[in-house]
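# Descriptive structure summary
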Amino acid sequence: MEVVIGAPDALARLAADAVQRLLEGTPRPVLGLATGSSPLAVYDELARRHAEEGLSLAHARGFLLDEYVGLPPGHAEGYRAVIERELVSRVDLDPAAVRGPNGSADDVPAACAAYERAIVEAGGVDLQLLGIGTDGHVGFNEPGSSLASRTRIKTLTRQTRVDNARFFGGDVDAVPTHCLTQGLATIMSARHLVLLATGRGKAEAVHQLVEGAVSALWPGTVLQLHPRVTVLVDDAAASRLQLTDYYRQTYAGKPAWQGI
Ligand code: GLP
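This structure is a prediction, so every number in the text was calculated from the model and none was measured.

So, about the sheet that holds strand β6 (residues 127-130). A sheet is described by the order of its strands in space; here seven strands give the open sequence β1-β10-β9-β6-β2-β3-β5, paired in parallel fashion. At either end of the open sheet lies a strand with only one pairing partner, and these are β1 (2-5) and β5 (98-99).

As a further point, take the pattern of salt bridges. Throughout the structure, instances matching the rule amount to 14 salt bridges. The partner of E45 in a salt bridge is R48, and the shortest N-O contact between them spans 3.0 Å. One end of the pair, E45, and the other, R48, are both in helix α2 (residues 40-53), three residues apart, so they sit about a helical turn from each other. Residue classification places E45 among the buried positions, given a relative accessible area of 11%. For R48, a relative accessible area of 28% puts it in the partly exposed group.

With 18 residues, helix α1 (residues 8-25) ought to run about 26 Å at 1.5 Å a step, and its terminal C-alpha atoms sit 26 Å apart, in line with that. Among the residues of α1, L11, A12, L14, A15, A16, A18, V19, Q20, L22 and L23 are the ones counted as buried.

A few words now on the side chain of T160. Structurally, T160 can be placed in helix α5 (residues 158-164). When sequence neighbours within four positions are dropped, the list of residues in contact with T160 reads D135, H137, F140 and E142.

Pairing in this open sheet of three strands is antiparallel, and the strands run β4-β8-β7 from one edge to the other. The strands lining the two open edges of the sheet, one partner per strand, are β4 (66-69) and β7 (152-155). With direction set aside, neighbouring strand axes in the sheet form an average angle of 30 degrees. In terms of strand pairing, β7 meets strand β8 (residues 178-181) through four bridges, oriented antiparallel. Note on β8: the bridge partner recorded for I153 is L180.

Moving on, we get to the pairing of strand β9 (residues 192-197). The buried count for β9 comes to six of six residues, which makes it a mostly enclosed element. Here β9 shows two buried faces, one formed by H192, V194 and L196 and the other by L193, L195 and A197. The sheet contact formed by β6 and β9 spans four bridges and is parallel. Bridged to Q128 within β9 is L193. Here β9 pairs with strand β10 (residues 229-233) via five bridges, running parallel. Bridging from a neighbouring strand, A197 pairs with V233 of β10.

Covered by surrounding structure in strand β3 (residues 61-64) are R61 and F63 together with G62 and L64, the residues of both alternating faces. As defined by bridge partners, strand β2 (residues 30-33) adjoins β3 across four bridges and the pair is classed as parallel. The partner of G32 across the bridge, within β3, is F63. Handedness of the β-α-β unit built from β2, α2 and β3 comes out right-handed. As judged from the two bridges shared by β3 and β5, these two strands associate in the parallel manner. Among the inter-strand pairings, G62 is bridged to a residue of β5, identified as V98.

Rules used throughout
Residues numbered from 1 in each chain as written. Predicted model: local features only at pLDDT ≥ 70, side-chain atom pairs only at ≥ 80, totals over all residues. Heavy atoms only, no water. Pairing = 2+ DSSP bridges. Helix = DSSP H or I, 4+ residues; strand = E, 2+ residues; numbered from the N terminus. Salt bridge = Lys/Arg side-chain N within 4 Å of Asp/Glu carboxyl O. Buried < 20%, exposed > 50% of the residue type's maximum accessible area, 1.4 Å probe, protein only. Expected span 1.5 Å × (residues − 1). Contact = heavy atoms within 4.5 Å. Axes fitted to C-alpha atoms, helices over the stretch in contact; angles between N-to-C directions. Right-handed = clockwise from strand over helix to strand, strands pointing away.

Below is the structure:
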């Protein structure tokens with residue numbers, strides 16, 4: 001696990017560099033797309049590079065991490081709509097090449113199985129962008145999630161609904177109670193995981209993720225078992241890490257050609 005501590009804009013550029021390297025070096029790259037606030041600066045940077053530097057995502061495909069259940073089709077806070085707004089509409093990514101779990105499906109288990117199959121048929125996710133919840137969830141894998149889980153329906157914790165109420169006019173009751181999410185094993189199947197976290201509110205989750213014991217209580221800790229994880233954190237999110245000096249020293253001494 002590589003930990004990079006830096007300013008939020010520099011972290012977003014590092015993540016965008018990794019995406020760009022993938023886009024430029026792979027004929028049919030598969031991006032794992034996260035929602036929430038954390039990846040927004042990365043999408044801004046990709047949109048800027050597309051507009052100003054000709055970066056193309058036309059040959060890429062994308063898979064969303066998760067989706068709410070129970071929102072009316074086309075709801076502005078459905079993750080499919082969010083990713084359209086924040087990324088797809090601002091670059092040349094083909095909307096038809098971006099899929100998410102179907103939160104309106106009548107047959108939820110069948111929809112989840114179909115989503116898993118679609119990821120496998122695309123060749124798997126090359127680079128998965130991730131955020132982390134204050135309770136340590138990745139995707140919407142709340143505490144207690146099986147570390148071997150696949151795409152399925154989950155109940156959101158009260159904490160997650162409170163955290164996400166800001167997207168629903170501050171009304172926690174307007175936040176859906178359920179979601180479909182890639183499982184932890186689904187996420188672990190991606191070839192490179194790039195997790196972004198900023199702000200003091202994420203400090204305990206980041207500490208557990210990087211330095212805690214692997215446990216379903218802090219679902220993000222399963223990432224310790226993945227061979228290629230990059231954790232991009234600002235000073236505030238890094239404030240509870242124990243080995244901060246070592247992470248800084250390691251990154252400062254890294255050969256530039258390695259990237260993240
Ligand atoms: C949300 C999403 C996650 C996201 C996390 C943190 O509920 N389902 O994919 O990583 O919670 O969100 P934010 O980046 O807004 O803090």
